Amino acid sequence: MAERRRSDPERRVPPPGFGRLGTRVLEIAENVVYAGIVLFLVLGAAVLLVLAGRSTWRAATSLQQSSVLELLDVLLLVFIVVELLFAVRSTVEKRELVAEPFLLVGIIASIKEIVVLSVEAAGVAGDGAPFDDRMTEIAILGVLVLLLGLTSWLLRRKEREPIEGERADTAEK
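Residues take numbers from 1 onward in each chain, read along the sequence in its written order. Whole-chain, interface and lining totals are the exception, using all residues; otherwise, since this is a predicted model, local features are given only for residues with pLDDT of at least 70 and side-chain atom pairs are given and counted only at 80 or more. Derived side-chain values reflect all non-hydrogen atoms in the structure, with water molecules and hydrogen atoms excluded from consideration.

Novice: If you had to explain the overall build of the chain to someone new, which residues and values would you point to?
Specialist: Each helix and strand in the chain was counted, giving seven helices and zero strands. Helical segments are the DSSP runs of H or I of at least four residues, strand segments are the runs of E of at least two, and each set is numbered from the N terminus. Overall, the chain shows an N-to-C arrangement of helices and strands of α-α-α-α-α-α-α. Any residue under 20% of the maximum accessible area for its type is buried, any over 50% is exposed, and the rest in between are partly exposed; the area is computed with a 1.4 Å probe on protein chains only. In the chain, buried positions account for 23% of the 173 residues. Contacts are residue-level and defined by heavy atoms, with any inter-residue pair within 4.5 Å sufficient. Once local pairs closer than 6 in sequence are excluded, the contacts in the chain between residues at least 24 apart make up 59%.

Novice: Now, about helix α6 (residues 129–160): what can you tell me, with residues and values included?
Specialist: An α-helical segment advances 3.6 residues per turn. Residues three or four places apart therefore align on the same side. Under the 1.5 Å per step criterion, the end-to-end length of α6 is 47 Å for 32 residues, consistent within 8% with the ideal 46 Å. Buried within α6 are the following residues: I138, L141, V145, L148 and S152. Where α6 is buried, its residues contact α5 (99–123). Expected helix span is taken as 1.5 Å per residue step, with the number of steps being one fewer than the number of residues.

Novice: Residue-level account of the nonpolar core, with values.
Specialist: Residues Y34, L41, A45, L48, A52, L71, V74, V78, V81 and V88 constitute the largest nonpolar core, which totals 10 residues. Here V88 is in contact with Y34, I37, V38 and L41, once residues within four sequence places are set aside. Nine residue types can take part in a nonpolar core, namely buried Ala, Val, Leu, Ile, Met, Phe, Trp, Tyr and Cys, and a core is a set of them joined through side-chain atoms within 4.5 Å.

Novice: I'd love a proper account of the packing of helix α4 (residues 65–94) against α5, names of residues and values included.
Specialist: Axes, fitted as lines to C-alpha atoms, cover a helix only where it is in contact. Angles between the N-to-C directions of the axes lie from 0 to 180 degrees. In the contact formed by α4 and α5, the axes pass within 9 Å of each other and the chain directions differ by 170 degrees. As the angle between them shows, α4 and α5 are arranged roughly antiparallel. On the side of α4, the interface is formed by Q65, L69, L72, D73, L76, L77, F79, I80, E83, L84, F86 and A87, while α5 contributes P101, F102, L104, V105, I108, A109, K112, V115, V116 and V119. Taken together, the residues that form the contact of α4 with α5 break down as 18 nonpolar, one polar and three charged. We call two directions roughly parallel when the angle between them is under 35 degrees, roughly antiparallel when it is over 145, roughly perpendicular when it lies between 65 and 115, and oblique otherwise. Charged means Asp, Glu, Lys or Arg here, nonpolar means Ala, Val, Leu, Ile, Met, Phe, Trp, Tyr, Cys or Pro, and polar covers whatever is left, Gly included.

Structure, rendered in structure tokens:
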């Protein structure tokens with residue numbers, strides 16, 4: 001399928017009125033922006049890994065729940081950054097925006113917030129409104145995780161379906 005897109009003559013034609021030079025300049029600018037995004041994500045991941053090391057040390061020495069929660073929070077942020085790096089790489093490789101990595105980032109971020117809110121809810125259990133607020137947020141985030149997961153599953157299922165033209169070609173044979 002990817003080979004078919006590359007050989008498609010319609011995709012090689014530059015936008016009308018813009019010309020090859022303009023298209024090439026925009027492509028270079030796009031690559032520079034992507035490189036900047038990657039640089040900041042890699043630097044952010046490095047900083048988060050240092051913070052994870054510090055949080056690990058703190059959790060091992062203090063043996064407190066808050067230290068372990070802080071470590072989990074940082075590690076989930078590292079996963080989010082790594083998934084964003086994958087999304088940028090996929091976008092650059094395929095030259096099209098791929099939705100699934102961003103859906104995974106949304107799922108991981110939602111789960112991260114559910115974990116944090118669960119610990120906070122345990123601390124304010126029985127306080128009425130603050131507890132109810134956290135439980136409502138957890139429920140909304142849970143529904144969001146389910147919807148994002150369903151969307152990701154539907155995208156994968158759609159990608160497995162043959163292209164309409166290919167379906168017609170195989171039916172004629």
